[in-house]
Amino acid sequence: MRVMKLAACLGLVGMVGVGFAQSAPATTTPSSTTQTPAPAQTQAPATAKAEDEAATRKARVAEMLKAYHGPEYVRSEVMIPMRDGAMLHAVILRPVGSEKGGVALPFLMTRTPYGVEAYEADALKMVFPTLAASGYIFVAQDIRGRYASTGKFVMNRPIVAHRTKNDVDETTDTNDTVDWLLKNVPNNSAKVGVMGVSYPGFLAMMAGIDANPAVKAISPQAPMTNIWIGDDFFHNGAFRESYGFDYVQELEAQKTDGTVDSKEDQFDFFLKHGNFAGAAESAGMTQLPTAKVFLTEPSYVKFWQDMAVEPHLHAPEVPTLEVGGYWDQEDMWGTQAEYKALRAHQKPNEPLHKVWMVLGPWNHGGWGYGPGDKLGGKFGTITFGGEKTGAYYRAHYEAPFFEMYLKGKPGFDLQDTASFRTGENQWHTYAVWPPKVGCHAERLYLEADHTLGFVGPKGDYDVKAAAYVADPADPVPYRQRPVQSTYGEGSTWRTWLVEDQRFVSGRKDLANFETPVLTSDVTVTGDVMADLFGATTGTDTDWIVKLIDVYPEGAEGVTTPEKGEATGEGAAGGYELMVAEEILRGRYRKSFTKPEAVKPGEVAEYKWSLHGVDHTFLKGHRMMVEVQSSWFPLYDRNPQTYVENIMTAPASAYKSETVSVFGSAKYPSHLDLPVADGAVLP
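Computed from a predicted structure; not experimentally measured. (Residues numbered from 1 in each chain as written. Predicted model: local features only at pLDDT ≥ 70, side-chain atom pairs only at ≥ 80, totals over all residues. Heavy atoms only, no water.)

1. Comments concerning the sheet that holds strand E1 (residues 73-81)
1) Next: The mixed open sheet is built from 10 strands, whose spatial order is E1-E2-E4-E3-E5-E6-E9-E10-E13-E14. In this open sheet, the two strands that pair with only one neighbour each are E1 and strand E14 (426-430). Recorded for the sheet is a direction-independent mean angle of 20 degrees between the axes of neighbouring strands.
2) Next: As paired strands, strand E5 (residues 188-197) and strand E6 (residues 215-221) are joined by 6 bridges and run parallel to one another. (Pairing = 2+ DSSP bridges. Helix = DSSP H or I, 4+ residues; strand = E, 2+ residues; numbered from the N terminus. Axes fitted to C-alpha atoms, helices over the stretch in contact; angles between N-to-C directions.)

2. Quick look at helix H12 (residues 332-343)
1) Next: Between the first and last C-alpha of H12 there are 18 Å, a value that for 12 residues agrees with the 16 Å anticipated at 1.5 Å per step.
2) Next: Along H12, 10 of the 12 residues are buried, which leaves the element largely enclosed by surrounding structure.
3) Next: Among the residues making up H12, those that are buried are Met332, Trp333, Gly334, Thr335, Gln336, Ala337, Glu338, Tyr339, Ala341 and Leu342. (Expected span 1.5 Å × (residues − 1). Buried < 20%, exposed > 50% of the residue type's maximum accessible area, 1.4 Å probe, protein only.)

3. Some words on the pattern of salt bridges
1) Next: Following the criterion strictly, the structure yields 30 salt bridges and no others.
2) Next: The salt bridge partner of lysine 409 is glutamate 403, with a shortest N-O separation of 3.4 Å.
3) Next: What makes lysine 409 partly exposed here is its relative accessible area of 38%.
4) Next: A relative accessible area of 12% places glutamate 403 in the buried class.
5) Next: Here lysine 546 makes a salt bridge to glutamate 626, at a shortest N to O gap of 3.0 Å. Taken together, the positions of lysine 546 in strand E20 (residues 542-550) and glutamate 626 in strand E24 (residues 622-628) put the pair 80 residues apart, joining distant regions of the chain. (Salt bridge = Lys/Arg side-chain N within 4 Å of Asp/Glu carboxyl O.)

4. Describing the pairing of E5
1) Next: Counting buried positions along E5 gives 7 out of 10 residues, so the element sits mostly inside the fold.
2) Next: Sheet analysis places strand E3 (residues 105-112) next to E5, joined by 4 bridges and oriented parallel. Within E5, the residue paired with methionine 109 across the bridge is valine 194.
3) Next: In this fold, the crossover linking E5 to E6 by way of helix H6 (residues 199-206) has right-handed handedness. (Right-handed = clockwise from strand over helix to strand, strands pointing away.)

Following this line, the structure appears as structure tokens:
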């Protein structure tokens with residue numbers, strides 16, 4: 001979640017390409033022994049190359065500003081009092097002269113933990129040219145306890161009962177902020193929109209709970225929603241080790257952001273320290289509030305449950321536009337979870353109390369900047385047939401949404417959900433997500449001899465489709481090595497989900513299953529479920545399933561990595577693109593709140609969601625399912641010996657075990673796929 005200038009306020013990432021400088025460095029940095037955080041307020045020596053790059057960025061910014069045609073903006077700063085006495089810092093940008101006359105303007109607000117001191121007019125014109133040209137009073141606010149705001153910062157502060165003035169949360173801080181703005185900012189229309197990406201997306205959703213009557217529209221984008229079930233810190237009980245390690249230090253080790261930027265391969269670092277307790281101790285972070293809970297409460301206990309947003313979502317209180325990316329490396333789950341929770345309670349025929357959703361081929365925040373015609377980096381890039389998906393989203397959905405509900409201008413006509421279908425590379429709209437028309441349920445079976453088929457296996461024999469030895473001493477990497485710190489210099493974190501998977505598919509400690517070459521396009525639209533029947537010789541293990549599109553060699557639409565970088569021993573075919581993927585920690589197969597050991601050798605059912613997709617596997621491609629038991633160091637290693645707390649597991653608990661995947665009529669391991677009607681299945 002490291003971000004740039006105005007993008008920091010919004011939760012957007014990747015703004016370096018248009019010349020945004022990094023937000024102000026931390027006044028202190030997370031302490032570390034073997035990790036080397038970036039020092040505060042230092043600059044690399046100027047070089048001819050750096051000067052050329054700076055000149056190029058400056059020219060690019062100048063070109064973008066030249067394309068802007070709208071009012072100039074004036075900047076002011078305010079401190080806004082909260083009901084308990086805390087003072088929250090905010091920056092206001094409004095068209096020059098609009099405070100004295102002209103049409104009263106609505107507010108468009110973002111609240112953020114990432115600092116608003118760099119919130120300024122030129123960045124506004126580049127990030128939101130259409131909205132800036134239309135004219136709004138833009139507000140960006142430091143949340144409680146961050147940067148220039150007073151009070152205590154609490155990560156993803158839970159919603160509390162509001163019995164006294166000291167019972168505060170992000171809903172009350174939003175309400176108090178809105179009330180102050182309405183009373184103290186001249187010539188406003190008493191209408192407020194709230195938006196944000198990631199942590200600011202979580203804060204945008206807070207504006208829609210016990211909503212202030214002046215809040216007329218919100219857009220939570222990639223919102224942190226439930227950080228134990230499927231967002232930043234855990235996925236189905238598996239701990240996101242490298243991300244949690246970096247992010248907690250960045251937000252909790254100081255009042256401003258700090259950057260963890262180690263020069264050591266993080267694969268080696270976390271392997272060397274054995275468990276998360278060892279890594280945290282080496283960095284001196286064990287007393288940081290969230291790290292303490294990582295170490296002591298790794299199951300879905302009340303602490304994590306209280307932070308969850310979706311239990312608080314009932315009928316939409318204000319028009320809500322949810323936005324997310326299919327290749328979001330941080331918060332892909334939250335968008336669809338919030339939409340599902342809100343839509344379940346949506347009141348029929350009430351357009352002012354409705355939720356919409358837009359899903360596209362983006363990484364975290366990728367819809368907010370650039371054309372959106374490709375995604376990827378050094379280890380592989382996918383393109384979208386020339387379609388500029390980000391620009392289309394901003395012009396057809398984001399700007400019209402706020403224009404309609406804050407200014408009454410027609411133009412936002414989305415019925416329910418818009419999704420960009422990759423492979424086919426076209427936008428589609430649906431009456432509901434997942435769609436109920438145009439597709440039907442199919443089962444894609446994992447079969448013996450490493451094949452995939454849509455016809456179920458015959459016979460009642462306990463046939464093993466595959467088996468492999470999972471060794472915690474040699475875990476499967478989740479991205480190409482060296483693995484840099486999450487937001488460190490040169491990190492490939494932001495695009496790892498589209499890395500060519502050939503770099504691991506030849507390993508012996510995982511299992512691949514493939515269809516024959518497709519003779520017809522096969523479109524999958526909706527939620528994909530993994531339903532595996534498996535066994536292990538240990539008492540715990542992790543299950544990772546990837547649904548992969550295997551391109552033919554030389555296929556269009558992908559740029560493969562440099563020769564040799566992406567191919568593993570035994571890998572065949574072309575680019576391997578993950579379409580859906582997710583992990584389940586075996587101990588939580590029955591309950592997230594009551595983990596239990598696995599019985600060695602016993603065949604058990606493991607069922608979990610790989611989330612929503614909208615993708616066409618084109619004729620000439622193949623479908624692949626890859627099963628593995630480690631994804632390191634994004635997820636901590638499962639010792640494969642049941643211990644009460646993996647965070648503190650002793651070295652003796654980490655044991656190599658044999659993992660078996662079954663494929664028989666009795667134990668039919670499969671993926672549940674929503675397949676488009678009319679597809680010719682292999």
